[in-house]
Amino acid sequence: MGEVLLVGAGPGPVDLMTVRALRAVESAQALLYDALVGAEILDLAPQGCIRIQTGKRAGRTSMKQETINRLMLRLARRGLRVVRLKGGDPSIFGRVGEERAFLQGHGVPVQIVPGVTAACAAAAQFGFPLTHRGQARRVVFTTARLEAGKLALDWRAAADPEATLAIYMGGGAAQALSEALIAAGRAASTPVLAVESAGEPQARLASGRLDGLGALCAPVNGGPVLIVVGEVAALADGALDSLAFDGSPLEQRTA
């Protein structure tokens, strides 16, 4: 029996990988990687390593989770060191719990290797904190999942003015998010950021108010969009003079 490593590749650039993640990829005999993992990281795998792209992009055709699970099991049973490579951190919306439980249920040894998640990468890249004394005492990591055109989550807890919301995969639901958060009690004037391709050299920042979030996020270039809601968003570099992704000026919150 081989083993499976569930590895976080970080937000994109190879120099934001952990040393442990780097070594895992360099020693992989089989590499199952998500769509957001770049060529620079894939090139670290040794020659002869089996490489399989597993997809997993929201709203697009991708490999089913059951298929990925069975594939990892089959490769591990061949005695291989299997690296399941995920963007960001595997424990944040990476289905690491499901995969670990499946593999361990079939007797496969599993290691989990953490990675830098998009919210932390965006905060570092654009110079704002996720927590801040007197403004943000807690951080909520969540996603914006739509069911029949409506948000699937209860957003009342997000009305807390001292909570920073880091909303993954939220670009397509930006308008619905704005309406739901305001209806739940969050102030319409709350500062917001939209970061496309956080951590990458080509990352883009747009800033504005919660009541303009829908316009802020459209259009985008196809990269994953992270939305940050909270007072800390006003502290980002360029937050008071940035534009929507389409280049149009936005009403900005004064410092």
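You'll find the structure just up there.
For the structure given in this document, a descriptive report is provided here. (Residues numbered from 1 in each chain as written. Predicted model: local features only at pLDDT ≥ 70, side-chain atom pairs only at ≥ 80, totals over all residues. Heavy atoms only, no water.)

**Considering a nonpolar patch on the surface**
Here's step 1: Taken together, the side chains of Phe 93, Phe 141 and Met 169 define a hydrophobic patch exposed on the protein surface, amounting to about 280 Å² of accessible area.
Here's step 2: With respect to the secondary-structure elements, Phe 93 resides in the loop between β4 (81-86) and α4 (96-105).
Here's step 3: Overall, Phe 93 belongs to the partly exposed group, its relative accessible area being 40%. (Patch = residues over 30% accessible without salt bridge, like charges linked within 9 Å, V, L, I, M, F, W, Y side chains within 5 Å. Areas by Shrake-Rupley, 256 points an atom, 1.4 Å probe, with all protein chains shown as cover. Salt bridge = Lys/Arg side-chain N within 4 Å of Asp/Glu carboxyl O. Helix = DSSP H or I, 4+ residues; strand = E, 2+ residues; numbered from the N terminus. Buried < 20%, exposed > 50% of the residue type's maximum accessible area, 1.4 Å probe, protein only.)

**Observations regarding the packing of helix α3 (residues 65-77) against α4**
Here's step 1: Where α3 meets α4, the closest approach of the two axes is 10 Å, and the angle between their N-to-C directions is 45°. Viewed along their axes, α3 and α4 adopt a mutual orientation that is oblique. The two elements α3 and α4 meet at a crossing, and its hand is right-handed. Listed contacts from α4 to Gln 65, Ile 68, Asn 69, Arg 70, Met 72 and Leu 73 of α3 are Glu 98, Glu 99, Phe 102 and Leu 103. (Axes fitted to C-alpha atoms, helices over the stretch in contact; angles between N-to-C directions. Parallel < 35°, antiparallel > 145°, perpendicular 65-115°, else oblique. Left-handed = near helix turned anticlockwise from the far one by under 90°. Contact = heavy atoms within 4.5 Å.)

**Observations regarding the packing of aromatic side chains**
Here's step 1: On inspection of all chains with the given rule, the structure shows two aromatic pairs.
Here's step 2: Judged by centre distance (6.3 Å) and plane angle (50°), the rings of Phe 141 and Tyr 168 are tilted. In this pair, Phe 141 is assigned in strand β6 (residues 138-143) and Tyr 168 in strand β9 (residues 163-168), connecting sequence segments 27 residues apart.
Here's step 3: The class for Phe 141 is partly exposed, based on a relative accessible area of 35%.
Here's step 4: Residue class for Tyr 168 comes out buried when judged on its relative accessible area of 10%.
Here's step 5: Aromatic ring contacts, followed pair by pair, group Phe 93, Phe 141 and Tyr 168 into a single cluster. (Phe/Tyr/Trp six-rings, centres within 6.5 Å; stacked < 30°, edge-to-face > 60°.)

**Considering the sheet that holds β9**
Here's step 1: Read from one edge to the other, the open sheet built from five strands follows the order β6-β9-β12-β10-β11, with strand pairing classed as mixed. Each edge of the open sheet carries a strand with a single partner, namely β6 and β11 (204-209). Looking at each pair of strands side by side, their axes are set apart by 20° on average, direction ignored.
Here's step 2: The pairing of strand β10 (residues 191-196) with strand β12 (residues 225-229) spans five bridges and is antiparallel. Across the sheet, Ala 194 pairs through a bridge with Ile 227, a residue of β12. (Pairing = 2+ DSSP bridges.)

**Side note on the sheet that holds strand β5 (residues 110-113)**
Here's step 1: The strand order across the open sheet formed by five strands is β3-β2-β4-β1-β5, and the pairing between neighbours is parallel. Edge strands, defined here as strands with exactly one partner in the open sheet, are β3 (50-55) and β5. Sheet twist, expressed as the mean angle between neighbouring strand axes with direction ignored, is 15°.
Here's step 2: Sheet strands in contact with α4 are β1 (3-8), β4 and β5, and its direction is about 160° off that of β5.

**Here we look at the environment of Ala 159**
Here's step 1: Secondary-structure assignment places Ala 159 in the loop between β8 (150-151) and β9.
Here's step 2: Since its relative accessible area comes to 18%, Ala 159 is described here as buried.
Here's step 3: For the pair Ala 159 and Ala 180, spaced 21 residues apart in sequence, the C-alpha separation works out to 9.7 Å.
Here's step 4: In contact with Ala 159, not counting residues within four places along its chain, are Ala 184, Gly 185 and Arg 186.

**Quick word on the side chain of Thr 54**
Here's step 1: Here Thr 54 is to be found in strand β3.
Here's step 2: Take Thr 54: its relative accessible area is 1%, and that puts it in the buried class.
Here's step 3: Polar side-chain contacts of Thr 54 include one of 3.0 Å to the side chain of Asp 34. (Polar contact = N/O pair within 3.5 Å; in protein donor to acceptor, adjacent residues only side chain to side chain.)

**Brief notes about unusual backbone geometry**
Here's step 1: One non-glycine residue, Phe 93, lies in positive phi territory at about 60°.
Here's step 2: The residue Ser 197 is not glycine, and still its phi comes out positive at about 60°.
Here's step 3: Among the secondary structure elements, Ser 197 is positioned in the loop between β10 and β11.
Here's step 4: Classification of Ser 197 by relative accessible area gives buried; the value is 13%.

**Some remarks on the pattern of salt bridges**
Here's step 1: In this structure the tally under the stated criterion is eight salt bridges.
Here's step 2: Across the pair Glu 162 and Arg 137 runs a salt bridge whose closest N-O atoms are separated by 3.0 Å. Linking Glu 162 in the loop between β8 and β9 with Arg 137 in the loop between α5 (118-126) and β6, this pair joins segments that are 25 residues apart in sequence.
Here's step 3: Residue Glu 162 is classed as partly exposed on the basis of its relative accessible area of 27%.
Here's step 4: With its nearest N and O atoms 2.4 Å apart, the salt bridge here joins Arg 138 to Asp 160. One end of the pair, Arg 138, is in strand β6; the other, Asp 160, is in the loop between β8 and β9, with 22 residues separating them in the sequence.
Here's step 5: For Arg 138, a relative accessible area of 36% corresponds to the partly exposed category.
Here's step 6: Classification of Asp 160 by relative accessible area gives partly exposed; the value is 24%.
Here's step 7: Each of the salt bridges in this network shares a partner with another, and the network as a whole consists of Asp 34, Arg 84, Lys 86 and Glu 99.

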